[in-house]
Structure formats: C-alpha cells, structure tokens
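Okay, here's what each chain looks like letter by letter:
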Amino acid sequence: MNIFEREVGVANRQPFGYSYYVTRNNDPALLVLASLAEGDKHGYAMMEDIERFSSIKLGPGTLYGAITRLEESGWIAPVPSDDRRQPYTLTALGRKSLEHEIAALNDVLKTAAKRLRQA
Amino acid sequence: MRPVLKRLILLYPKSWRNRYGNEFGAFLDEVPPTWPTLFDVLGGALKMQMKSGNLLRAAGIAAVVALLAGVTFGTLAGQYRSEAVIHANKTQLNAEARTILGRANLTRLILRENLYQKDRARVPPEELALRLRSSALIWSERKDGPMRIRVYIPDAAQAQRAAQSIADAFVDAKAAALVDPANLPTHPNRPPLLADVQFGLVVGLLAASLFALFNGLKVWKPVAALGVAGTVLGVAAASVIPNIYRGLSVVSVRTSDATAVGEVIDSATDPARLAAIVRQFNLYLGDPQAVQKLREHLTLKLDLRPFGNPATGTARGSYDIVINFKYPDQTLAQIVTEAVAAYLTDENVQRPSGIAVEMVAPAFVHAAPHIPNRLIGSGTGLALGLVSAVMLGIWRMFANRPRLRHA
C-alpha cells in the first residue's frame, strides 16, 4: 500500500486513470474535482467552468464517465435537488484526494522546472 | 439531431441509466447537438457497457471462438504439397497434357496409387479425377525454364506418389526429362495456427461488440433469431438453386497482328460451330434456343497483354484467350470447354497466316459448383438477418420513448 492509500484509505479505488501521484492535467476526473472545488455544480455548469479555466471542452459522455467513477469512489456526491439537473459536491475524501493530486503535480512541476534551470 | 442524441442514452447499461439517465438527459438538452458530441456520447456508452461486464463477455466470446478456430485447425486435414521438376518442350507438354491429365488417365492413376482411400467408397471416380485435376498444377517460373508439377493431397505420401506419377507419365511420353523427383512433404501446406487464433479473436471481439450494441438496443434476442433464420434461409436458397459448374481453359495465340486474334475467337463462336457443339454433346436437351444459350454461357475472353503474361508464361507478342463455359452438368462443362480449346489449337483449322495457337492450361472444372456458392449464400442470409435486426433496433429507438425518470 502506498502512502496515499494509507492516508486516505481508498485502496482499490482509482477514479484517476493513471498514477495516484501524477495525473495529466487534462484528466477529466481531475478537471471535475477542480471545478467542484469552487462549489457545487451540475453537469452543464461543470462543462462550461472546465472550458473556462482549462480551455478543455469535455463531451457529455466523457464528463459523465468521470462523474460516475468519482461518485463510485466517494470523491463526489449528488446534492439533493428538485431540478432535473443534478448538482454534485466535493466530499471530504474528494477534497483530500484533490489536495494530494495537486501536491503530486506540483512536485513534478518543481522538479521539471529545477532540472530545466540546471540544464 | 438532439432527439437522436437523447435516444443514444438507451445504449448505456440499464443500471447506469437507472442512476444517471434522467440527469444525463437533462444535460443533453443543454449541450449543442453536434457530431463530436454524438460520438462522445457513443464512446461513453461503449465504455460503460464494457465497464458493466460486457468486456468480460467480449473476452469470453473471443476466447471461445479462438478455441474453436484452434480445434478446427487441429481437426481439419491439411493439404500436403509435393513437387516434381521436369524439363519439357511446352508444345509437346501441352499436347500430352490432354491425355495425361485427362479424366481416364487420372482415374487409373488414383486406383493404381491408391489415392483418396477414404473418399473412394462414397465419391465417384470421375469426381475424384476432377479433384485431382484441380489440385495438380503445372507451371514454370520462366518461359524456357523447368516445369514444376505440384500436387496437393491430404496425405503426404499420396501427394508424392501422385506428383511423381504425373511427372513419369510426361517422361514416358518423351515429352519431358525428369530434373528433380517429387519430394515427400514433411508439413501440411495450411495457414499457421496463430493466424487461425487471431482470426478467432477478431471474430469473437466483433461478435461481442455487436452483442454490446444490440444489448443496449434491447434487441439481442431478435438479432440472434434473425441471424440464424437468415443463415438457414441463405443455405436453403443456395440448396434450391441448381448447380452451375464452370469449365476453364486457356490457350495462347502468338501473332504480330492483334486484330487477327478476334478472328480466331469469332471462328470458334461461329453460330454453325456452336450448333455443331450442341448437336455433338446434346446440350440443353433439345431446347430450340440451345445455340443462343450456349453463346451466352460460353465466353472467350481475350487477355490483351501484348508484352506477355508472366502468370501463364506467354511471351511478348502472345495473347491469352480464357475459355469459360458454365453448365449444370460437371462432365459436360469440362468436355465442351475441352472441345472449344481443341478447336482453337487444331492445326487443321484454317486461320489467317502468321498465327500460332498453343494450349496453356488444359480444360478443367472445379469440384465445387460455381453457382450457388453456399458460403456466400449463408453469409448473405446472416448479413440480411443482422441488418433486419439493426433496423428493428433503430425502429424501437424512435418508436418507444426512452424510459427516463422525470422529476
């Protein structure tokens, strides 16, 4: 078990399609988590928000694929609503996971930047 | 396009639709209906189908088909290829080939060398002779190079004996000298096992993908039923259609005047000549339109390759005439093809000066009928069944409203 799994206790749950520590910045799951970090949103609002801050337009199938995986992992949860449009919120587990992902990405970026300066 | 986009929700697994179908439908009401969106929704459906267990089904089906391909490979008899090499004068060889590769001679060869032991109890000798004729190839890599006699038979020793016997027959007739006796093949000449297994995997994955699609459309049971029904109908239709066999022969015309080849063909298909063939072989059983029918079923196609044809060994200044004759009777298909080829190569027939005609490939008929092709028949039936099922699925998509939970 790696450090991340021990800390958040989510063994065998992998909403990110890649490593726990390093994900690509266009991973739909990471983009959804980043969008929900600002506040609760439904699918269409998420799609617009993601396009605004990352210039990546997620299609409906891709976005709901990510939502499905994140909800199954307990990283996001639906918020009760009377609207047909279902809003989602970031859970505590999801928030912690996002923090770890950001930290891991930062480590990679810092290392890359440092090596570029040394080269 | 938006209604189509929303109907695509039906391609998602039922459990997923129960949970997300309503909100996904609301989401699709807001997004612009474009082609990229449509493909993204389709891709999402495929991923969800696989995630819900259809990937395992796909792998299972692929494994079963691959296994079946392997078993089929193991049980099917491979054809052994034996080859003898002779040095021959092509004209002499062609003249002797009519006799040596004739039905009577091949039948004697089969009995003498004890070929096709398992089949001899149930298949007539004439049929076996045709089979041997179809599986024996005589060819040369170069115009004046040695001739290779290849025979394909399911038994290695029999293939060797047959190839050697044919080579010996040419040597005995003083038409050739033996260069290399027939070899005893060690391995059957068939596709490698890996190719069969790969084919099985591809077919299995295709079947699983179709299953995933039709499962989403809720029509997989009609698909299976219509597919089987179509295949059965295809086989039945192929069985009802009368067999048509095709005789084939090739002669080569050497001339400096290409237009003269047309005269040679015209002389062979002259109405009086065709009428004589009809009378001689009692074709079409007294049909008053027999000559006209023979004209339709007999084709002499000119292969216009003035620089020669490497496939048949013809040289520059030679033109191949491919003789085709389609007839319901296998024996007559061969005999008539032989008769037309013999007329074309007959030295006593008057022709424009400077023309030499020689036999390239003596007449033979494939053991299987040219029409109907049962594989094509059953395949067409299966395809029609699947197409009907797809149309049924599309009709259901548009006729039935999607069962979405409305708030």
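Residues numbered from 1 in each chain as written. Chains lettered and ligands numbered in written order. Predicted model: local features only at pLDDT ≥ 70, side-chain atom pairs only at ≥ 80, totals over all residues. Heavy atoms only, no water.

## As for the sheet that holds strand β2 (residues 136-140) of chain B
Residue and element names in this part refer to chain B.
Okay, step 1: Spatially, four strands are ordered β2-β3-β1-β4 in an open sheet, and the strand pairing comes out antiparallel. This sheet does not close on itself; its edge strands, each paired only once, are β2 and β4 (176-180). Pairs of neighbouring strands in the sheet enclose a mean axial angle of 30°, with direction left out of account. (Pairing = 2+ DSSP bridges. Helix = DSSP H or I, 4+ residues; strand = E, 2+ residues; numbered from the N terminus. Axes fitted to C-alpha atoms, helices over the stretch in contact; angles between N-to-C directions.)

## Some remarks on the nonpolar core
Okay, step 1: Formed by 37 residues in total, the largest nonpolar core has its most connected members in L63 of chain A together with F24 of chain B.
Okay, step 2: Those elements giving two or more residues to this core turn out to be α2 (28-36), α3 (43-54), α4 (60-73), β2 (88-90) and α5 (92-118) of chain A together with α2 (14-30) and α3 (35-75) of chain B.
Okay, step 3: If sequence neighbours within four positions are ignored, L63 of chain A has contacts with V32, G43, M46, M47, I50 and L58 of chain A together with F27 of chain B.
Okay, step 4: Ranked by size, the runner-up nonpolar core spans 35 residues in total, among them V278, L298, L300 and I323 of chain B. (Core = buried A, V, L, I, M, F, W, Y, C linked by side-chain atoms within 4.5 Å. Buried < 20%, exposed > 50% of the residue type's maximum accessible area, 1.4 Å probe, protein only. Contact = heavy atoms within 4.5 Å.)

## Observations regarding the packing of helix α4 (residues 90-100) of chain B against helix α7 (residues 156-172) of chain B
Residue and element names in this part refer to chain B.
Okay, step 1: One way to put it is that α4 packs onto α7 with a least axis distance of 10 Å and a crossing angle of 125°. Classified by the angle their axes make, α4 and α7 are oblique. As α4 packs across α7, the resulting crossing turns out to be right-handed. Residue-level inspection shows L93, E96, A97 and I100 of α4 in contact with α7, the latter providing I166, A169 and F170.
Okay, step 2: Its residues assigned to classes, the contact of α4 with α7 comprises six nonpolar, no polar and one charged. (Parallel < 35°, antiparallel > 145°, perpendicular 65-115°, else oblique. Left-handed = near helix turned anticlockwise from the far one by under 90°. Nonpolar A, V, L, I, M, F, W, Y, C, P; charged D, E, K, R; others polar.)

## Quick notes on a nonpolar patch on the surface
Residue and element names in this part refer to chain B.
Okay, step 1: Side chains of M1, V4, W35, F39 and L42 sit close together on the surface and give an oily, nonpolar patch of about 480 Å² of accessible area.
Okay, step 2: Considering every element that reaches the nonpolar patch, the biggest residue donor is α3, with three residues.
Okay, step 3: Tracing the backbone through its elements, the reader meets F39 in helix α3.
Okay, step 4: Judged by relative accessible area, which is 52%, F39 ranks as exposed. (Patch = residues over 30% accessible without salt bridge, like charges linked within 9 Å, V, L, I, M, F, W, Y side chains within 5 Å. Areas by Shrake-Rupley, 256 points an atom, 1.4 Å probe, with all protein chains shown as cover. Salt bridge = Lys/Arg side-chain N within 4 Å of Asp/Glu carboxyl O.)

## Digging into a negative patch on the surface
Residue and element names in this part refer to chain B.
Okay, step 1: Taken together, D257, E263, D266 and D270 make up a surface patch of like negative charges.
Okay, step 2: With respect to the helices and strands, D270 occurs in the loop between α10 (259-268) and α11 (271-281).
Okay, step 3: The partly exposed category is assigned to D270, whose relative accessible area is 35%. (Lys, Arg positive; Asp, Glu negative; His and termini not counted. Charge placed at Lys NZ, Arg CZ, Asp CG, Glu CD.)

## Here we look at unusual backbone geometry
Okay, step 1: At S55 of chain A, a residue that is not glycine, the phi angle is positive and equals roughly 60°.
Okay, step 2: Looking at where S55 of chain A falls in the secondary structure, it is placed in the loop between α3 and α4.
Okay, step 3: The residue Y284 of chain B is not glycine, and still its phi comes out positive at about 55°.
Okay, step 4: Of note, Y284 of chain B is situated in the loop between α11 and α12 (290-297).
Okay, step 5: Classification of Y284 of chain B by relative accessible area gives buried; the value is 13%.

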